[in-house]
Amino acid sequence: MRHANITGWGKCLPPAALSNDDLSTFLDTSDDWIYSRTGIRSRRIAHVNTSELATVAARHALAAAGLEPGDLDCIILATASPDTLVPSAASAVQRNLGAGKAAVFDINAACTGFIYGLSVGSALIKTGTMGRVLVIGAERLTHYLDWTLRDTAVLFGDGAGAVVLEASEQPLGLIADKLGCDADANDILAVPNSGTNRERFAHTDGLFDVSFDGKEIFKRAVKGMGDAAANVLAQTGLSGQDIDLLLPHQANIRIIDTLAKKMELPSDKVMVNIEQYGNTSAATVPIALCDALEQGRIKPGALLLTAAFGAGLTWGAGVIRWGDRVTPLQQSNAALPPCEQSALELLAPAIKGCQESWKLKSSEE
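Residues numbered from 1 in each chain as written. Predicted model: local features only at pLDDT ≥ 70, side-chain atom pairs only at ≥ 80, totals over all residues. Heavy atoms only, no water.

## Details of the pattern of salt bridges
Considering all chains together, one arrives at ten salt bridges under this definition. Between Lys-223 and Asp-227 there is a salt bridge, with its nearest N and O atoms 2.7 Å apart. Taken together, the residues Lys-223 and Asp-227, both in helix H7 (residues 214–236) and four residues apart, mark about one turn of the helix. By sharing partners, the salt bridges in this structure join Asp-182, Glu-216, Lys-219 and Arg-220 into a single network. (Salt bridge = Lys/Arg side-chain N within 4 Å of Asp/Glu carboxyl O. Helix = DSSP H or I, 4+ residues; strand = E, 2+ residues; numbered from the N terminus.)

## A few points about the nonpolar core
Within the largest apolar cluster, 33 residues are counted, with the highest numbers of intra-cluster contacts made by Val-163, Leu-165, Ile-298, Leu-304 and Trp-322. Here the element with the most residues in this core is helix H10 (residues 284–294); it accounts for six residues. Once you skip the residues sitting within four places of it in the chain, Val-163 turns out to touch Ile-6, Gly-8, Trp-9, Ala-61, Phe-114, Leu-118, Val-133, Leu-134, Val-135 and Leu-289. (Core = buried A, V, L, I, M, F, W, Y, C linked by side-chain atoms within 4.5 Å. Buried < 20%, exposed > 50% of the residue type's maximum accessible area, 1.4 Å probe, protein only. Contact = heavy atoms within 4.5 Å.)

## A word on the packing of H7 against helix H8 (residues 253–262)
Axis separation between H7 and H8 bottoms out at 10 Å; the angle between their running directions is 40°. Where H7 crosses over H8, the handedness of that crossing is right-handed. Contact residues: H7 offers Phe-218, Ala-221, Val-222, Lys-223, Met-225, Gly-226 and Asp-227, while H8 offers Arg-254, Ile-255, Thr-258, Leu-259 and Lys-262. When the residues that make up the contact of H7 with H8 are grouped by side-chain class, the tally is six nonpolar, two polar and four charged. (Axes fitted to C-alpha atoms, helices over the stretch in contact; angles between N-to-C directions. Left-handed = near helix turned anticlockwise from the far one by under 90°. Nonpolar A, V, L, I, M, F, W, Y, C, P; charged D, E, K, R; others polar.)

## Notes on unusual backbone geometry
Backbone torsion omega between Val-86 and Pro-87 reads 5°, so that peptide bond is classified as cis. Checked against the element boundaries, Pro-87 lands in the loop between strand S4 (74–78) and helix H4 (89–97). In this structure, Ala-110 is a non-glycine residue whose phi angle is positive, near 55°. Mapped onto the elements of the fold, Ala-110 is located in the loop between strand S5 (103–107) and helix H5 (113–126).

These figures come from the coordinates and say nothing about function on their own.
Encoded structure:
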């Protein structure tokens, strides 16, 4: 039986960091208020498009696997913030890499997107359809935030993470997964004024109104992630005690802590990096994976449990059996173009535009 081993990994974080203190210069908030409720102290703000973040992460993942772009059979990009809806952002990544023979497509399962992509990519390999698949999670959600809304403006950041999957005869990679969606509650985390729902020629170009019911999201996220995690453990005959490291979606420290407690996992078996990056949506899990490898927290043969939830409300979990190698075969010097502005300087036009849009909306009402 064919399996899909993870042989390469890479990440990309924009250099401009926006701290909680920075946010307090234009929002009624503080570092203590944000950190106590979310576990976030800083997040990255991109000066480039999503596909560029994805491309840099992909180059690092390919180098770690010792592969060239031309070796790829498929590129799957999980994102809710593509450069364009048509064509897919994955096609821009293919062009940037020069991966001419690869099939490409985007997946939008919001924050659960990378786990969805990992499941699909692994299935393509297991069925013999593909031999090498690149799965990327990348987001530039800060481009769409309404910077007058404290509850959502403090949560999100930009970034990308990627893995290379290769066919293997060994039972490695994603050995169990469970995907689903709680669509009855799809309005509690949404951008309703987007897509073909968006009214054309109205005074809405600069303003996206994010629906966000924090209490309800917390309740459903813990249940969705917890049930999915329990399902994949049952599939494999494992218990929480068998897991070497939990790689959860980095949405909120309270959700992470509650999930870890539900899985009966101590803090040293839980990967947390939300403090530095915020919620990078589909990129959180692969970035956390890369950080865990860099920190030496993943050993050869380790059993990893990952779980996520996102708008929709999508949810998913997987058990990953790691291979023998925990260091890259090669290193890439891929990097984003230099950024000469601070995060606040990058956001200044968007902050001003959101404030003016709300003034206009208020005056019309």
